[in-house]
Amino acid sequence: MQSLIWDAVETISREEMERLQVERLRDCVAGIKERVPFYRERLSGIEPGSIQSVSDLTRLPFTVKQDLRDNYPFGLFAAPMSDVVRMHASSGTTGKPTVVGYTANDIETWAGLAARALTMAGVTKEDIVQNAYGYGLFTGGLGLHYGVEKLGAAVVPVSSGNTARQVMLLEDFGTTVLCATPSYALVLAEGAAEAGFDLRSGPLRVGVFGAEPWSEQMRAEIESRLGISAMDIYGLSEVMGPAVSMECTHKTGMHIAEDHFIPEIIDPETLEPLPLGRPGELVFTCITKEALPLVRYRTHDLARLLPGDCSCGRTTVRMEKVLGRNDDMLIIRGVNVFPSQIEAVLLAMGQVEPHYQLVVGRGAGHMDDLEVRVESSGDSGQRRILEGSLKADLRSALGIGCAVTILVPGEIARSDGKAVRVIDNRHI
Ligand code: DLL
């Protein structure tokens, strides 16, 4: 299926895109040197006019989350407070949140990018979009809300939580598009089943799912349980919020809004840029933002930029599904393990519910141990066999042994936002 294209800039030639990026990057560097003391110092040796190509980005220093913390709350803002019209913040588990700001133009840009992303997913003005991302300081709710309105579809701003009410609205309103975290989409599917409403036979047809990693196996599970096409949307507050990149209906990676955010992949150890196609850490430079333009912001998300053209006709570079954050990577007895790898093994088995939790502890002899908790509805004999098969599959996929605990469906705590997959008891 060929979806419409929101903005002609999505199909310009690579040369035109690079010209646009360089022009915007130069303006951005000049602007932040003038307006942000932090960048005036950081970029002291860089003349904006000396930026001739996108590869000149590598001459610029990185920005990291700690820089935002050190300048809490508004120290990196490049616009006067009188021009800032909105604030969001990322939760963070400890200490102060990371605060991001937007001018009226930033909000307008973001709404356009969210409309662009929804269009990529095949959403049109005929759709009824239930937005179950949290409204508030989290960027998911309001970020997509403005995009749906810009597109001209009808938004149901229900926010996250209150599953029974969500299910009622899905049924009564004839919702056609659901925006939520993939884990909450599954909670809604359970809620609908409990209420005797078969989502698969209703009008719901598209899911716009992101804000947390989810594997291809999880996509298949969601698509069959909800009877929809499940699309991946990516973004982070510091760079903008949702719609930094989005899958088109070909589902071969997420098209990055490169006219606003220049992506790079770096080796997280050496910080050297990696060639197209190699996996590493994603870095973004925001070239059009007014309130918080960040230069080479390290996301800690691991992905690849994909070479080659997409059959949808867009020329914007695509990023692969995010494997996880390098700070969420578990190191178990020296072996690197991502929760999404475990998710893929669990769901490939086919007899488990798509809810799981990983508990890491320090066992006898101070060795790390990993327990994988997952739900299954089989009887005790079936569960014993399943436990053995999962242990064997996990050992061969991860290269380490782990304990497997089979729980009854519903035992693992559900979340209405980002799922908590890992409980790490090693530091308590
Ligand atoms: O999660 C923005 C968002 C809202 C994206 C709704 C998509 C949909 P933060 O709370 O700042 O912003 O968290 C950003 O979430 O660095 C990734 O680690 C993770 N993340 C976001 N989207 C995806 C995705 C929002 N599609 C952090 N796949 C990012 C994997 C994702 N991880």
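Residues numbered from 1 in each chain as written. Predicted model: local features only at pLDDT ≥ 70, side-chain atom pairs only at ≥ 80, totals over all residues. Heavy atoms only, no water.

With omega at -10°, the peptide bond leading from Tyr72 into Pro73 counts as cis. Unusually for a residue other than glycine, Ser159 sits at a positive phi of about 65°. Looking at the secondary structure, you find Ser159 in the loop between strand S4 (154-156) and helix H6 (163-173). For Ser159, a relative accessible area of 17% puts it in the buried group. (Helix = DSSP H or I, 4+ residues; strand = E, 2+ residues; numbered from the N terminus. Buried < 20%, exposed > 50% of the residue type's maximum accessible area, 1.4 Å probe, protein only.)

Bringing helix H10 (residues 380-398) into the picture now. In a regular helix each residue adds 1.5 Å, so 19 residues correspond to 27 Å; H10 covers 26 Å between its end C-alpha atoms and thus fits that length. Inspection of H10 places Arg383, Leu386, Leu390, Leu394 and Leu398 among the buried residues, and these make up the whole buried set. Seen along its axis, H10 keeps its buried residues to an arc of 70°; they face one direction. H10 presents Arg384, Ile385, Arg395 and Ser396 as exposed residues on the side facing more than 90 degrees away from its buried surface. On its buried side, H10 packs onto strand S17 (335-337), helix H9 (339-349), strand S19 (368-375) and strand S20 (403-407). (Expected span 1.5 Å × (residues − 1). Arc of directions from axis to C-beta. Contact = heavy atoms within 4.5 Å.)

This part covers the sheet that holds strand S12 (residues 297-303). Sheet architecture is open: four strands sit in the order S10-S11-S12-S15, paired in antiparallel fashion. Edge positions in the sheet fall to strand S10 (261-266) and strand S15 (324-325), since each has one partner strand and no second. In this structure, S12 lies alongside S15, joined through two bridges in antiparallel fashion. In the sheet register, Asp301 faces S15, and the bridge partner there is Arg325. (Pairing = 2+ DSSP bridges.)

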